[in-house]
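Residue strings, one per chain:
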Amino acid sequence: MSAATTRSRTPRTPAPDRLCAEAVDLAREAAAEVAAPGVIGEHAGVVAEGDRVVTHFFECREPGYRGWRWAVTVARASRAKVVTLGETVLLPGPDALLAPEWVPWSERLRPGDMGPGDLLPTEQDDLRLEPGYTGEDVPPPNSPVSEEMAELVDAEDADLVSRTPSRGSIAAVAEELGLRRARVLSRYGLHVAADRWEDNFGAKTPMAQAAPAPCVSCGFLMPLGGSLKQAFGVCANEFSPADGRVVSLTYGCGGHSEAAVMPKPPRPAPPVLDSMGADEFPLRPARDSGSVPPVSPDAASEDLGHS
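As recorded in an unreviewed UniProt entry, the protein goes by DUF3027 domain-containing protein and comes from Streptomyces ficellus.

Description of the overall build of the protein
Check the secondary structure of the protein and you find eight helices and nine strands. Looking at the protein as a whole, 21% of its 307 residues are labelled buried. Within the protein, contacts between residues separated by at least 24 positions form 52% of all contacts whose residues are at least 6 apart in sequence. As displayed, the protein has an accessible area near 24,300 Å², and 56% of this comes from carbon and sulfur atoms.

What about a nonpolar patch on the surface?
Together, W105, M114 and L120 line one region of the surface with nonpolar side chains, adding up to about 300 Å² of accessible area. With respect to the helices, strands and loops of the structure, W105 is situated in helix α4 (residues 105-108).

With respect to the side chain of T55
Within the fold, T55 resides in strand β2 (residues 53-60). Among the polar contacts made by the side chain of T55, one reaches the side chain of E49 at a distance of 3.0 Å. A polar contact is formed between the side chain of T55 and the side chain of T73, at a distance of 3.1 Å. Non-local contacts of T55, meaning those with residues more than four positions away in its chain, are made with G45, V46, V47, E49, A71, V72 and T73.

Some points on the sheet that holds strand β8 (residues 232-235)
Taking strand neighbours across the sheet as the criterion, the three strands line up as β7-β8-β9 in an open arrangement whose pairing is antiparallel. Since the sheet does not close on itself, it has two edges, and those belong to β7 (221-223) and β9 (246-248), each with one partner. The mean inter-strand angle of the sheet, taken between neighbouring strand axes irrespective of direction, is 50°. Strand direction decides the pairing type here: β8 and β9, joined by three bridges, are antiparallel. By the bridge assignment, F232 is partnered in β9 with S248.

With respect to the sheet that holds strand β3 (residues 68-75)
Across the sheet, four strands lie side by side as β1-β2-β3-β4; this open sheet has antiparallel pairing. Only two strands of the sheet have a single partner each, and these edge strands are β1 (40-50) and β4 (84-92). Taken pair by pair, the neighbouring strands of this sheet meet at an average axis angle of 20°, ignoring direction. Two strands pair when backbone bridges link them, and β1 and β2 are joined in this way by seven bridges, in the antiparallel orientation.

Analysis parameters
Residues numbered from 1 in each chain as written. Predicted model: local features only at pLDDT ≥ 70, side-chain atom pairs only at ≥ 80, totals over all residues. Heavy atoms only, no water. Helix = DSSP H or I, 4+ residues; strand = E, 2+ residues; numbered from the N terminus. Buried < 20%, exposed > 50% of the residue type's maximum accessible area, 1.4 Å probe, protein only. Contact = heavy atoms within 4.5 Å. Areas by Shrake-Rupley, 256 points an atom, 1.4 Å probe, with all protein chains shown as cover. Patch = residues over 30% accessible without salt bridge, like charges linked within 9 Å, V, L, I, M, F, W, Y side chains within 5 Å. Salt bridge = Lys/Arg side-chain N within 4 Å of Asp/Glu carboxyl O. Polar contact = N/O pair within 3.5 Å; in protein donor to acceptor, adjacent residues only side chain to side chain. Pairing = 2+ DSSP bridges. Axes fitted to C-alpha atoms, helices over the stretch in contact; angles between N-to-C directions.

Quick look at the structure:
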């Protein structure tokens, strides 16, 4: 491949048209008509968009639009000397202050965000749910009689007693058991819920660490049904911080039903040196202490040398 062929395949960047590049005043007046007064800054450059098409950039001094630029596109026709205005827009620059990327509401929603009247549609392919049994798409039970016997029964107009339950009875039993739901909780949804409950009311919480006993031995615990019965229950103690909440069997609080005696606060050990007490010392030693010499009877009558 020759050098000429290589140069021909390289995209050519057109040079800015001289007349369009010199139309700075025209572009500034166009930007001033669209923007608020005093927000058009210095001229920030020129970019060639094509043959005889140029875009002028001006700094934006609007508060809150740091790094944005006013872009004014001008052009002129072939062999014409009059430059005309194309469009004026406000565009972000390389270091512009932009709003964060938009996140769908389904990803922004957090527990506790729903209020009265709010609706939360569940996606069709939600991993937390799986199809349940409704009985509507189940065909009627197969007849125990063969096709030949069924034709014979119809011909002789005989009555056939079938011991197979009808669809109505199956639906009634399913509704009694709570199975007539379009979707039920999947194993993944069950595990996610169990992890969430364990984090909120589990054995690693500060309340459970200071509890006198776990919830598995508490009389206020209402066990759940199904497989969750082995790990979770519902607290029914109105004074507990988890009242009406699903708690782990290893959770606990100070409202345990068997905590009949209030624990006494720990008493500190007595000090080795009593710095608060005072020792009593006499001003004169006692006579019976042995440090005072005995006084003879004649000592009281001795002459003390006074005249």
